[in-house]
Amino acid sequence: MNARRRTVLAAGAASAAALATGCGSSDGGGEDASPTPSAPGDATGGAELARTADIPVGGGTVFKERKVVVTQPTEGEFKAFSAVCTHASCLVSTVRDGTINCPCHGSRFSISDAAVEAGPATRPLPSEQISVSDGAIRLG
């Protein structure tokens, strides 16, 4: 199976799981953010998700509508992970004190590699592919 098909299938499975559970938080607390209005994709990747300046060093931002969280563990290093918790498929809601936090049952994940820092989750958040160019962070 080619890489593009695997990516599409994985994204579809994650979306289906999130829709099936309907377990998100409408709490607006923390460092949540709505997606930046997106422009059509270009040669550097998909639609723009955020500007690099929007992602705090040592923190991150949750994009609920895109079900993705983007972190900047160290200056200039950007990571992206699924925002769907691996425990019960709730959406993570905040990035604080070096962890990505799920409001449903308290799972916390590392901003560096999405490893489980506190359960009940036992699996890390899946990585998402992003590209960073000219100050823009793009999915894909």
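Residues numbered from 1 in each chain as written. Predicted model: local features only at pLDDT ≥ 70, side-chain atom pairs only at ≥ 80, totals over all residues. Heavy atoms only, no water.

- The name that an unreviewed UniProt entry assigns to the chain is Cytochrome bc1 complex Rieske iron-sulfur subunit, with the source organism given as Streptomyces sindenensis.
- UniProt's Cofactor (unreviewed entry) comment on the chain is quoted here verbatim: "[2Fe-2S] cluster". (UniProt positions renumbered as here; feature names shortened; annotations may be inferred.)

1. Comments concerning the overall build of the chain
Here is step 1 of the chain: For the chain, the helix and strand inventory stands at one helix and eleven strands.
Here is step 2 of the chain: Going from N to C terminus, the chain has its helices and strands arranged as α-β-β-β-β-β-β-β-β-β-β-β.
Here is step 3 of the chain: Residue burial in the chain is summarised as follows: out of 140 residues, 35% are buried.
Here is step 4 of the chain: As displayed, the chain offers around 7,300 Å² of accessible surface, 51% of which is attributable to carbon and sulfur atoms. (Helix = DSSP H or I, 4+ residues; strand = E, 2+ residues; numbered from the N terminus. Buried < 20%, exposed > 50% of the residue type's maximum accessible area, 1.4 Å probe, protein only. Areas by Shrake-Rupley, 256 points an atom, 1.4 Å probe, with all protein chains shown as cover.)

2. Some remarks on the state of the cysteines
Cysteine pairs can be covalently joined through their sulfur atoms, and such a bond is termed a disulfide.
Here is step 1 of the chain: Summed over the entire model, instances satisfying the criterion amount to one disulfide.
Here is step 2 of the chain: Free cysteine: C85, not disulfide-bonded; nearest cysteine sulfur from C102 at 3.9 Å.
Here is step 3 of the chain: With relative accessibility at 3%, the residue C85 sits in the buried group. (Disulfide = S-S within 2.5 Å.)

3. Thoughts on the pattern of salt bridges
Here is step 1 of the chain: For the structure shown, the criterion picks out two salt bridges.
Here is step 2 of the chain: In this structure, R51 and E48 form a salt bridge, with 3.4 Å as the shortest nitrogen-oxygen distance.
Here is step 3 of the chain: With relative accessibility at 34%, the residue R51 sits in the partly exposed group.
Here is step 4 of the chain: What makes E48 buried here is its relative accessible area of 14%.
Here is step 5 of the chain: Residue E77 is joined to K79 by a salt bridge in which the shortest nitrogen-to-oxygen separation is 3.6 Å.
Here is step 6 of the chain: Classification of K79 as partly exposed rests on a relative accessible area of 29%. (Salt bridge = Lys/Arg side-chain N within 4 Å of Asp/Glu carboxyl O.)

4. Here's the deal with the sheet that holds strand β9 (residues 116–118)
Here is step 1 of the chain: Read across the sheet, four strands follow the order β6-β7-β8-β9 without closing on themselves; strand pairing throughout is antiparallel. With partners counted over all chains shown, the strands left at the sheet margins are β6 (94–96) and β9, one partner each. Pairs of neighbouring strands in the sheet enclose a mean axial angle of 35°, with direction left out of account. (Pairing = 2+ DSSP bridges. Axes fitted to C-alpha atoms, helices over the stretch in contact; angles between N-to-C directions.)

5. Points about unusual backbone geometry
Here is step 1 of the chain: Backbone geometry at S89 places phi at a positive 65°, although glycine is not the residue there.
Here is step 2 of the chain: Residue placement: S89 occurs in the loop between β5 (79–82) and β6.
Here is step 3 of the chain: Although it is not a glycine, D97 adopts a positive phi angle of roughly 55°.
Here is step 4 of the chain: Tracing the backbone shows D97 in the loop between β6 and β7 (99–101).
Here is step 5 of the chain: Look at D97 and you get exposed, because its relative accessible area is 76%.

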